[in-house]
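# Architecture and fold: a report
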Amino acid sequence: MKKGSIVIRNASEVVTCSGFKGKAGAQMQDLEVLKNASVIVEDGIITKITTDPIDLDYYQEKDFTVINAEGKCVLPGFVDSHTHFIFGGYREEEYNWRLNGVSYMDIMSRGGGIINSVKGTQMTSKEDLIQVGIKRLNSMTRFGVTTVEGKSGYGLDLETEIKQLEVMKELNKLHSLDIVTTFLGPHARPAAYKQDPDAFIDFMIEEVLPVVDQRGLAEFADIFCEENVFSIEQSRKFLNAAKKRGFNIKIHADEIFQLGGAELAAELGAISADHLLQASDRGIEAMKQAGVVATLLPCTAFSLKEHYARARYMIDQGLVVALATDFNPGSCFTESIALLIALATNQMGMTIEETITALTINGAAALDRADQIGSIDIGKKADLVIHEFPSYRFLPYHIGVSTVEKVIKNGVLILDNENNEPY
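The following refers to the structure shown. Just so it is clear, the structure is predicted and the values come from calculations on it, not from any experiment. Here, residues in each chain are numbered from 1, in the same order as that chain's written sequence. With pLDDT at 70 or above as the cut-off, local features in this predicted model cover only qualifying residues; side-chain atom pairs require 80 or more to be listed or tallied, and sums for whole chains, interfaces and linings still use all residues. The side-chain quantities take in all heavy atoms of the structure and omit both hydrogens and water.

So, on to the overall build of the protein chain. Runs of H or I in DSSP of at least four residues are treated as helices and runs of E of at least two as strands, each being numbered from the N terminus. Scanning the protein chain from N- to C-terminus turns up 16 helices and 17 strands. If you line up the protein chain on its principal axes, its C-alpha atoms span 70 × 45 × 45 Å. A 1.4 Å probe rolled over the protein chains alone gives each residue an accessible area, and that area as a share of the maximum for its type sets the label: buried under 20%, exposed over 50%, partly exposed in between. The burial tally for the protein chain puts 60% of its 423 residues in the buried class. The long-range fraction of contacts in the protein chain, counting pairs at least 24 apart against all pairs at least 6 apart in sequence, stands at 72%. What sets the accessible areas is the Shrake-Rupley method with a 1.4 Å probe; for residues, cover comes only from the shown protein chains. Carbon together with sulfur atoms contributes 47% to the accessible area of the protein chain, which is approximately 16200 Å² in total. Any two residues whose heavy atoms approach within 4.5 Å are treated as being in contact.

Following this line, the structure appears as structure tokens:
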């Protein structure tokens, strides 16, 4: 068979999510669904989407792989645009503390939280991180993810931050999924800088950021802007330094306290601001005006027993809203897109149409890739998922269970649950 050339024929629904930029507000409701449609892929690129009958003999003669999708729905591959999937060690004890009522910030004050994962990651070899990274990426694939963002931030020093980023770069070569790397050096205050976070920001800007830049290890820079972590002023300083070096910027904003992170994201022209549980009306309006993607992480709110971000309000105000898992060892130890869909639709007031948009074209926009992935459009990469049911409406209905049957990445079948074929 001709690698990267495939025909998906006669799907009950092809959910195109068509577009080449993020969809805002009411636009998120429009999925552009085609009934009884086929998708043609050549050399990893979508070349045709049609509801007309196709000449299978023509494609079979040219050695295209042919998949009969009758009774199935086809969606773009999901884009998980916020994760921390490379880490060493686990924090199961902390999760049980939270189940017993201990807050996230109280756990941090006990010496737990991010600092706990820093110790584990520093002690884990690069080789071991690669092996566990492959396992986690395989799990993401089973949920229909075809592109994932991964952050550093469990090093807080030069050596381990670089190690995390190098691991993700290596995994991008080894694994079928595309991995977008983000440098999140200012993720917490290490013990040596506990009382002097300004000096830590200077260390990140002067010692670590230049190495990340020179080695081409990250596309984005990010910071945890939060009370008792890094202030608005410290975040502005770090993100401006990253921008001057050519990084796109993101920001962990207004998760626990309303600090003004959303406003800062708008001021600096961030690609996305993430979490936003406590974002103000003014911050949301500023993000809208600046075109900042609001990346919401409902699995984290669920894990922390916090109120969810105001997705309904943000969409009604005309924001581009994306959804992501925030897969990490502490506040959200799950890569489950199925759980995320259940929470978005059942707890956050989002329709399934808005949820799918948020996980596809808007997730791509949160990674500055909406012109390449996130929809089924001619000229885009053929990142496609075939679901076992005839309609996308089964995704929230089959509560918490993945409906993924086949995953196609760059026109190549990489997962086939129907025939129990391996990666």
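So, next bit.
The next subject is the packing of helix H9 (residues 261–268) against helix H10 (residues 281–290). Axis definition: a line fitted to C-alpha atoms, over the contacting stretch in the case of helices. Angles run 0 to 180 degrees between N-to-C directions. Where H9 contacts H10, the two axes come as close as 8 Å, and the packing angle between them is 20°. As the angle between them shows, H9 and H10 are arranged roughly parallel. Considering the relative orientation of H9 and H10, their crossing is left-handed. Residues Ala262, Glu263 and Ala266 of H9 pack against Arg282, Gly283, Ala286, Met287 and Ala290 of H10. For this classification, Asp, Glu, Lys and Arg are treated as charged, while Ala, Val, Leu, Ile, Met, Phe, Trp, Tyr, Cys and Pro are nonpolar and the rest, including Gly, are polar. Along the lines of polarity and charge, the residues of the contact of H9 with H10 split into 5 nonpolar, 1 polar and 2 charged. The scheme is simple: roughly parallel for angles under 35 degrees, roughly antiparallel for over 145, roughly perpendicular for 65 to 115, oblique for anything else. By definition, any crossing whose near helix is turned counterclockwise from its far helix by less than a right angle is left-handed, and any crossing with a clockwise turn is right-handed.

Between its first and last C-alpha atoms helix H7 (residues 197–214) spans 25 Å; for 18 residues at 1.5 Å apiece the expected length is 26 Å, and the two agree. Bend is computed residue by residue as the angle between axes fitted to the seven residues ending at the residue and the seven residues starting at it. Largest kink in H7: about 40°, centred on Val208, with the proline Pro210 one to four residues after it. Among the residues making up H7, those that are buried are Pro197, Phe200, Ile201, Phe203, Met204, Ile205, Val208, Leu209, Pro210, Val211 and Val212. In this structure, the buried residues of H7 make contact with helix H6 (158–174), strand S8 (178–183) and helix H8 (232–244). Once H7 finishes, Gly216 follows within two positions and takes phi at roughly 60°, a positive value. Given the number of residues in a helix, its expected span is that number minus one, multiplied by 1.5 Å.

Working definition of a nonpolar core: buried Ala, Val, Leu, Ile, Met, Phe, Trp, Tyr and Cys residues. They are joined through side-chain atoms within 4.5 Å. Membership of the largest hydrophobic core comes to 105 residues, with the highest contact counts inside it found for Leu276 and Leu296. Considering each element in turn, this core owes the most residues, 9 residues, to H7. Among all residues touching Leu296, those that are not within four sequence positions of it are His275, Leu276, Ala309, Ala311, Met314, Val321, Ala322, Leu323, Ala324 and Met348. Ile46, Ala382, Leu384 and Ile386 belong to the second-largest nonpolar core, a separate cluster that totals 16 residues.

Now for the packing of aromatic side chains. For Phe, Tyr and Trp, rings pair up if their centres lie within 6.5 Å, where Trp contributes its six-membered ring, and each pair is then called stacked (planes under 30 degrees apart), edge-to-face (over 60) or tilted (otherwise). Here the structure, examined in full by the defined rule, presents 15 aromatic pairs. Consider the rings of Phe327 and Phe333, whose centres lie 5.8 Å apart with planes at 20°: the pair is stacked. Ring pairing ties together the aromatic residues Phe87, Tyr90, Tyr154, Phe327 and Phe333, which thus form one cluster. Arg136 extends its terminal NZ or CZ atom over the ring of Phe87, reaching a point 3.7 Å from the ring centre. For a Lys NZ or an Arg CZ to count as sitting over a ring, it must be within 6 Å of the ring centre and within 35 degrees of the ring normal. Directly above the ring of Tyr313 sits Arg310, whose terminal nitrogen or CZ lies 4.6 Å from the centroid.

On to helix H14 (residues 352–359). Since the α-helix turns once every 3.6 residues, residues separated by three or four places project in the same direction. H14 sits mainly inside the fold: 8 of its 8 residues count as buried. What H14 keeps buried is the set Ile352, Glu353, Glu354, Thr355, Ile356, Thr357, Ala358 and Leu359.

The next subject is unusual backbone geometry. Residues other than glycine predominantly adopt negative phi, and peptide bonds predominantly adopt the trans conformation. One non-glycine residue with positive phi stands out, namely Asp43, at about 50°. Owing to a relative accessible area of 56%, Asp43 belongs among the exposed residues under this scheme. Phi at Lys305 takes a positive value of approximately 60°, unusual for a residue other than glycine. Along the polypeptide, Lys305 turns up in the loop between helix H11 (298–304) and helix H12 (311–316).

Of all 6 residues making up strand S11 (residues 248–253), 5 are buried, and the element is well covered by its neighbours. Sheet topology note: the strand S10 (residues 224–225)/S11 ladder contains 2 bridges and is parallel. Bridging across to S11, Phe224 finds its partner in His252. By convention, a crossover is right-handed whenever its connection, traced from the first strand over the helix to the second and viewed with the strands pointing away, goes clockwise. Traced from S10 through H8 to S11, the parallel crossover comes out right-handed. We call two strands paired when DSSP finds no fewer than two bridges between them.

Note that Asn228 resides in the loop between S10 and H8. By relative accessible area, Asn228 is classed as exposed at 57%. With sequence-adjacent residues up to four places away left out, Asn228 is seen in contact with Met105 and Arg189.

Okay, the state of the cysteines next. Working definition: a disulfide is two cysteine sulfur atoms within 2.5 Å of each other. All told, the structure shown has 0 disulfides when counted by the stated rule. Take Cys17: it sits in no disulfide, and the sulfur closest to it among the cysteines is that of Cys73, at 11 Å. With relative accessibility at 1%, the residue Cys17 sits in the buried group.

Another point: the packing of H6 against H7. Any two packed helices are characterised by how steeply their axes cross, that is the angle between the axes, and by the distance between the axes. Look at H6 against H7: their axes get within 10 Å of each other, and the N-to-C directions meet at 35°. The handedness of the crossing between H6 and H7 comes out as right-handed. Where H6 abuts H7, its residues Leu158, Glu161, Ile162 and Leu165 lie against Phe203, Glu207, Val208, Val211 and Val212. Residue composition of the contact of H6 with H7, grouped by class: 7 nonpolar, no polar and 2 charged.

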